[in-house]
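A closer look at the structure
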Amino acid sequence: MAKISPNAANLVKDNLGLRLRLAELEKRAAEHEEKNRELEQRYDFEKLVSSISTRFINLQNGDIDRGIHQALCWIGEFFGADHAYLYQFSGPSDRMRIFKQWFASGEGAPLRSPSIALDDDPAFAAQIRMGHIVHVPDLRRAPRSKGHKPKRRIAFPRGICSTVKVPMLCQGRLRGFFGFDSYRSPFAWSPKLLSLVQMVGEIFWLALERKKAGEDLQTEQFYLATIMDNEVDRVYFKDVKSRFTRVNRALAARHGFACPEEALGKTDFDSFTSEHARKSLRDVRRIMRTGKPMVNEIEKETMPGGMVTWAQSSKIPLRDALGNVIGTFGISRDVTDLVRARAEIE
């Protein structure tokens, strides 16, 4: 066998060392390129989250539903998801309803139930209630859980290969969750991207809370307007100077105003004689000073033309959110016929 000269052996050794160094450099270059891709993706996603946040700040309550759908679409497209959705509780039970959903394509997407009972999938319910993001990059490689099977596969329905579920919490309580599924190819989100997605959950929930508060306010305003428009007794609110700030139609008609708005800023001195107006003012001042209401008191009302009527009135101090007295509100019922009938009997 021919012997390898020392020079040839050194050359082989040098070539091997060079190839190892080249392989190491290629590995480092690939890692550097991957890190740059991750940084670029994170930067782009941070811009997307910032854009979503700014958009929701400026959204009117009536546009919030559309805004959530658009945000789910943007995030889904960013990560190449096929399906995005948001569930929220529909009542005091553990049942949740799907609020919004988006599909990358109308074909092939596994359908999700419009209503689910969260505790039908106990393992998923425990994770999501603790505020943990549920992320499985590739369900095909995920180990199968042993033991009792859930009634319904909420977290991992058949047909999907990757999923992310993000809880929406408010003061430590679960209010809902939103998620992204892929059924064509798996996707993986880094922990930093998942933390940004969790910020989107906070944006969603704050917007939904604002929308609900607006809807509740509209409902209360509707109830109040219904009472003020239809109550036959006189209902009125006054400020600390005993000026009307709001009255119902019955009071406006009784005081000779064409509409309730005409009564605003007026006082009893504009509708009654000074005798009755002064007594009413003393009553209001006493109520505001003592904080004690006047309940079902029979009042004599004297009009400028000399007409006398009688009313059964209740007047109560009006307080602000801090408990400070800022005026009064009251209800007066005409009892003129009753007082006159009693006087005739006596």
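The structure this text deals with has already been given above.
Below you will find a few notes about this structure. (Residues numbered from 1 in each chain as written. Predicted model: local features only at pLDDT ≥ 70, side-chain atom pairs only at ≥ 80, totals over all residues. Heavy atoms only, no water.)

Summarising burial for strand β5 (residues 162-170): 8 of the 9 residues are buried, a large majority. With 3 bridges joining them, strand β4 (residues 134-136) and β5 adopt antiparallel strand pairing. Its bridge partner lying in β5, H135 is registered against V164. Two strands pair when backbone bridges link them, and β5 and strand β6 (residues 173-182) are joined in this way by 9 bridges, in the antiparallel orientation. Within β6, the position partnered with S162 by the bridge is S182. Taken together, β5 and the strand that follows it, β6, pair antiparallel across an intervening segment of 2 residues, in which Q171 is found at a positive phi of about 55°. (Buried < 20%, exposed > 50% of the residue type's maximum accessible area, 1.4 Å probe, protein only. Helix = DSSP H or I, 4+ residues; strand = E, 2+ residues; numbered from the N terminus. Pairing = 2+ DSSP bridges.)

This model, assessed by the stated rule, comprises 19 salt bridges. For R129, the salt bridge goes to D119, with nearest N and O atoms at 2.6 Å. With R129 in helix α3 (residues 122-129) and D119 in the loop between β3 (115-117) and α3, the pair connects residues that are 10 residues apart, well separated along the chain. Overall, the relative accessible area of 40% leaves D119 in the partly exposed class. (Salt bridge = Lys/Arg side-chain N within 4 Å of Asp/Glu carboxyl O.)

A word on the environment of T163. Looking at the element boundaries, T163 is found in strand β5. Once the C-alpha coordinates of T163 and F180 are considered, the two residues, 17 residues apart in sequence, prove to be 5.7 Å apart.

This part is about the pairing of strand β9 (residues 294-302). Two faces, one strand: in a regular strand the side chains alternate between the faces of the sheet. Pairing of β9 with strand β10 (residues 308-319), which is carried by 7 bridges, proceeds in the antiparallel orientation. If you follow T302 over to β10, its bridge partner there is V308. Here β9 folds back onto β10 in antiparallel fashion, the turn holding 5 residues, of which G306 has a positive phi close to 100°.

The next subject is the nonpolar core. Counting residues in each nonpolar core, the largest one holds 36 residues, and the members touching the most others are F178 and F204. For this core, the element with the highest residue contribution is helix α4 (residues 191-230), accounting for 10 residues. When residues no more than four places from it in sequence are discounted, the contact partners of F204 are F56, I68, A71, L72, L86, M168 and F178. In this structure, Y87, M96, L118 and I128 belong to the second largest nonpolar core, which totals 12 residues. (Core = buried A, V, L, I, M, F, W, Y, C linked by side-chain atoms within 4.5 Å. Contact = heavy atoms within 4.5 Å.)

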